[in-house]
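The residues making up each chain are set out below.
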Amino acid sequence: MEGIRRSALAEDAVRYRLFAATGAHDEALLRRCAEVIVVRFAPLLAAYIWQRQPFSLRYVPPRGETPAHVGGTTLFGDNVEDEWFIVYLIREITREFPGLAARIDDNDGEFLLIEAADFLPKWLNPENSDNRVFFYKGELHIIPLLETQEQECDPSAASLTISQALTLLSTRAEEFLAAEPIRTAVYKRISGYPEKIQASFHRAHCYLPAGIVAVLRQRPSLVAAAVQAFYLRDLVDLRACRSFRTFPPDSRVMTAVTFTKCLYAQLVQQKFLPDRRSGYTLPLPSDPQYKAYELGMKLAHGFEILCSKCSKLSPDSKRNVLNSPLWERFLRSLKEKNYFKGEMEGSAKYLELLHMAEDYFEQSVSKPESAVEVSPGDEILTLLQTTTIDVKEFEREAACLPPEDDDSWLEITPDDLDQMLKEARDESLPPSSEEEQKYDLEAVAQSMKAFVSKVSTHEGAEMPWSSDESQVTFDVDSFTKALDRILGADSEELDSDDLDEEEEFGLSDEDDEDFDTENQRQDQKESPNELIGSLKSYMKEMDRELAQTNVGKSFTTQKKGASSANATTSQNAGPESGAEDTELTPLDVDMNLVANLLESYSAQAGLAGPTSNILQSMGVHLPENADRVGSNKGARE
């Protein structure tokens with residue numbers, strides 16, 4: 001059932017649920033808990049700009065095997081950082097409220113485990129991971145399989161209900177603490193919060209209609225809905241942008257708008273020319289204010305599209321929710337946590353922060369569970385009817401706007417991309433020339449040997465992460481039986497080509513039976529060691545034949561330092577014996593393996609390929625080809 005419910009989640013949605021670890025699922029208590037959580041984390045929630053939907057907690061009654069809890073689902077759209085910010089919030093909530101245990105997943109399932117996939121135990125897989133991963137007391141916990149479940153082959157036998165998991169977690173939490181590498185991988189992904197919130201913002205100048213400036217002063221979060229409307233526009237949407245009835249371009253003023261970096265990138269990277277009938281014109285690209293005009297034009301299109309999709313609402317339709325005791329506690333928490341940053345009450349910055357807090361409170365905290373969702377366009381029209389638009393005041397403020405942020409982060413060089421990939425893989429900087437000279441190629445050969453000696457299953461081959469693992473055992477009896485099946489084939493297994501050859505040479509069935517009976521008797525008399533010896537003799541004969549071909553000459557043989565005198569003696573004995581000795585010189589298997597791997601790696605020219613993928617999965621990272629790098633530099637010079 002858990003998998004079926006998870007499949008109902010949208011691709012860009014994250015679900016979070018908070019349970020009472022002690023089993024107390026009283027509705028009044030859970031509702032009170034949700035209110036306290038929102039008040040406690042009000043400074044973080046009010047200052048954040050969400051891509052699609054905000055973080056919100058609602059009481060969820062019991063259903064099936066899932067007990068009553070508080071939780072919610074948030075659409076994060078193209079900004080995956082919203083999802084990881086929610087992970088940070090959930091962890092901090094369980095740290096502040098130790099009586100709660102939290103589950104968080106998305107349409108991929110346990111995405112926290114995906115983040116730490118390189119360090120998971122072998123028993124953990126998507127089939128048995130449901131209801132085993134929790135945040136409890138600020139730490140990540142994974143409930144293992146019970147001994148009886150490990151013996152069961154049926155995945156359904158290893159399933160765990162949430163009630164069972166909460167009982168185990170509340171009594172034996174210390175035993176279920178996730179391994180250090182798993183926790184490190186997950187915590188690294190959410191490190192940097194809450195400071196990362198301000199780093200995710202981008203402030204830019206925009207030339208906007210005065211109505212939009214007034215709306216954004218009251219509801220700064222509406223910038224996300226406007227960017228999404230423009231980003232996902234279609235031909236029907238653009239019809240409303242021919243006349244611009246709501247936001248005409250004749251009252252535009254310069255202002256500063258706060259985006260998230262994701263929203264800013266979506267807006268600035270799209271090439272768009274306005275309809276001539278709209279009245280929006282752009283200066284020449286060489287104009288210093290061209291970018292502000294272009295951003296304002298795109299944003300105005302987004303707001304106009306939102307308003308064109310809604311009906312006109314009266315000011316009385318807005319609920320007065322800012323007089324409730326919950327808002328008083330919410331506002332008190334903001335002041336205690338220094339949300340207003342020392343700004344004087346009534347100042348422009350204070351009012352901007354206050355409007356952000358009111359926006360989040362009305363959209364996520366005070367909204368009844370049965371309330372109909374109000375579209376952004378309806379909210380914009382309501383604000384236009386209730387807000388005073390002072391164009392002259394906006395023009396005075398435009399004369400002293402703060403500088404906009406640098407957007408050079410939009411441009412990424414190939415070196416920057418390589419560095420980001422290495423940091424994501426926990427790799428260090430490229431090795432120096434001394435480290436390249438000291439690079440041990442034996443590690444490559446040993447890793448490949450360990451990989452080949454592993455046993456693969458239908459789930460794939462196991463990568464040899466540790467060289468301390470026991471060696472593969474060799475069963476002589478099983479090997480000889482396999483040889484019997486391969487080499488001791490009966491006449492019934494011969495194909496049609498073999499039968500045609502027998503008729504051509506006049507071989508009768510009676511002769512075949514006598515011949516097979518004699519061979520079987522000889523095979524029964526031979527011991528396993530004799531069979532292995534005969535196989536080795538076959539291999540030597542093959543080596544003699546291949547040594548005289550180009551295939552044999554392409555391999556590197558072992559150096560015979562100590563046997564050079566023997567080689568001279570063999571030459572005196574006769575040319576044939578010397579040639580035979582040379583032919584039978586053993587191959588240097590490690591040297592041939594490493595040489596072929598390096599040649600294949602060099603042929604990849606720095607791109608992904610089979611050699612780098614296999615070696616990196618085994619923890620072996622080859623240095624760059626210094627010869628190729630040097631030749632490339634010389635060619636550029």
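Residues numbered from 1 in each chain as written. Predicted model: local features only at pLDDT ≥ 70, side-chain atom pairs only at ≥ 80, totals over all residues. Heavy atoms only, no water.

**Considering the side chain of Asp-237**
Inference 1: Counting through the fold element by element, Asp-237 comes out in helix α12 (residues 235-239).
Inference 2: Once you skip the residues sitting within four places of it in the chain, Asp-237 turns out to touch Leu-232, Ile-305 and Lys-309. (Helix = DSSP H or I, 4+ residues; strand = E, 2+ residues; numbered from the N terminus. Contact = heavy atoms within 4.5 Å.)

**What about the nonpolar core?**
Inference 1: In this structure, Phe-55, Ile-90, Ile-104, Leu-112, Phe-259, Leu-299 and Phe-303 are the most contacted members of the largest nonpolar core, which totals 109 residues.
Inference 2: Sequence-distant contacts of Phe-303, that is, excluding residues within four places in its chain, are made with Ile-212, Val-215, Leu-216, Leu-222, Ala-226, Phe-247 and Ile-380.
Inference 3: The next biggest cluster of nonpolar side chains, apart from the first, holds 14 residues, and it includes Ile-143, Ile-162, Ala-165 and Leu-168. (Core = buried A, V, L, I, M, F, W, Y, C linked by side-chain atoms within 4.5 Å. Buried < 20%, exposed > 50% of the residue type's maximum accessible area, 1.4 Å probe, protein only.)

**What to know about helix α2 (residues 27-40)**
Inference 1: Taking 1.5 Å of rise per residue, the 14 residues of α2 would be expected to cover 20 Å, and the 20 Å separating its terminal C-alpha atoms lies within 8% of that figure.
Inference 2: Of the positions making up α2, those classed as buried are Leu-30, Cys-33, Ala-34, Ile-37, Val-38 and Val-39.
Inference 3: The N-cap residue of α2 is Asp-26: its side-chain oxygen and the backbone nitrogen of Ala-28 are 3.3 Å apart. (Expected span 1.5 Å × (residues − 1). Polar contact = N/O pair within 3.5 Å; in protein donor to acceptor, adjacent residues only side chain to side chain.)

**With respect to the pattern of salt bridges**
Inference 1: Per the stated rule, a full pass over the model turns up 20 salt bridges.
Inference 2: The salt bridge involving Glu-180 is made with Arg-183; its shortest N-O contact spans 2.8 Å. Of the two residues, Glu-180 and Arg-183 both sit in helix α8 (residues 180-189), three residues apart, roughly one turn of that helix.
Inference 3: Across the pair Glu-397 and Arg-217 runs a salt bridge, and its minimum N-O distance is 2.4 Å. With Glu-397 in helix α18 (residues 391-398) and Arg-217 in helix α10 (residues 210-218), this residue pair connects regions lying 180 residues apart in the sequence.
Inference 4: Glu-397 sits in the partly exposed class, given a relative accessible area of 22%.
Inference 5: Members of the salt-bridge network, linked through shared partners, are Arg-15, Arg-103, Asp-105 and Glu-110. (Salt bridge = Lys/Arg side-chain N within 4 Å of Asp/Glu carboxyl O.)

**A closer look at the environment of Ala-68**
Inference 1: Mapped onto the elements of the fold, Ala-68 is located in the loop between β2 (58-60) and β3 (69-75).
Inference 2: Placed 44 residues apart in sequence, Ala-68 and Ala-24 show a C-alpha to C-alpha distance of 9.2 Å.
Inference 3: Contact partners of Ala-68, with chain neighbours within four places excluded, come to Phe-19, His-25, Leu-30, Tyr-59, Val-60, Pro-61 and Pro-62.

**Details of the environment of Phe-134**
Inference 1: Following the sequence through the fold, Phe-134 ends up in strand β5 (residues 133-136).
Inference 2: Residue class for Phe-134 comes out buried when judged on its relative accessible area of 1%.
Inference 3: Along the backbone, Phe-134 and Leu-166 are 32 residues apart, and their C-alpha atoms lie at a distance of 9.2 Å.
Inference 4: For Phe-134, the contacting residues outside a window of four places in its chain are Ala-101, Ala-102, Arg-103, Glu-139, Leu-140, His-141, Ile-143, Ala-165, Leu-166 and Leu-169.

**Some details on the pairing of β3**
Inference 1: Burial within β3 is extensive, with six of its seven residues counted as buried.
Inference 2: Judged from the three bridges that link them, β2 and β3 form a sheet pairing that is antiparallel. Counted as the bridge partner of Tyr-59 is Val-70 from β3. (Pairing = 2+ DSSP bridges.)

**Observations concerning the packing of aromatic side chains**
Inference 1: Using the criterion set out here, one finds 16 aromatic pairs in the structure.
Inference 2: A ring pair is formed by Tyr-48 and Trp-50, whose centres lie 4.5 Å apart and whose planes are at 55°; its orientation type is tilted.
Inference 3: The class for Tyr-48 is buried, based on a relative accessible area of 7%.
Inference 4: With centroids separated by 5.2 Å and ring planes inclined at 45°, the aromatic side chains of Phe-85 and Tyr-193 adopt a geometry described as tilted. Here Phe-85 is found in helix α4 (residues 81-96), whereas its partner Tyr-193 is found in the loop between α8 and α9 (195-199), with 108 residues between them in sequence. The pair Phe-85 / Tyr-193 is uniform in exposure class, with both members buried.
Inference 5: Among the aromatic residues, those joined into a ring-pair cluster are Tyr-48, Trp-50, Phe-85, Tyr-88 and Tyr-193.
Inference 6: Looking at Arg-91, its charged tip hangs above the ring of Tyr-187, at a distance of 3.7 Å from the centre.
Inference 7: The aromatic ring of Trp-409 is capped on one face by Lys-261, whose charged end is 5.3 Å from the ring centroid. (Phe/Tyr/Trp six-rings, centres within 6.5 Å; stacked < 30°, edge-to-face > 60°. Lys NZ or Arg CZ within 6 Å of the ring centre and 35° of its normal.)

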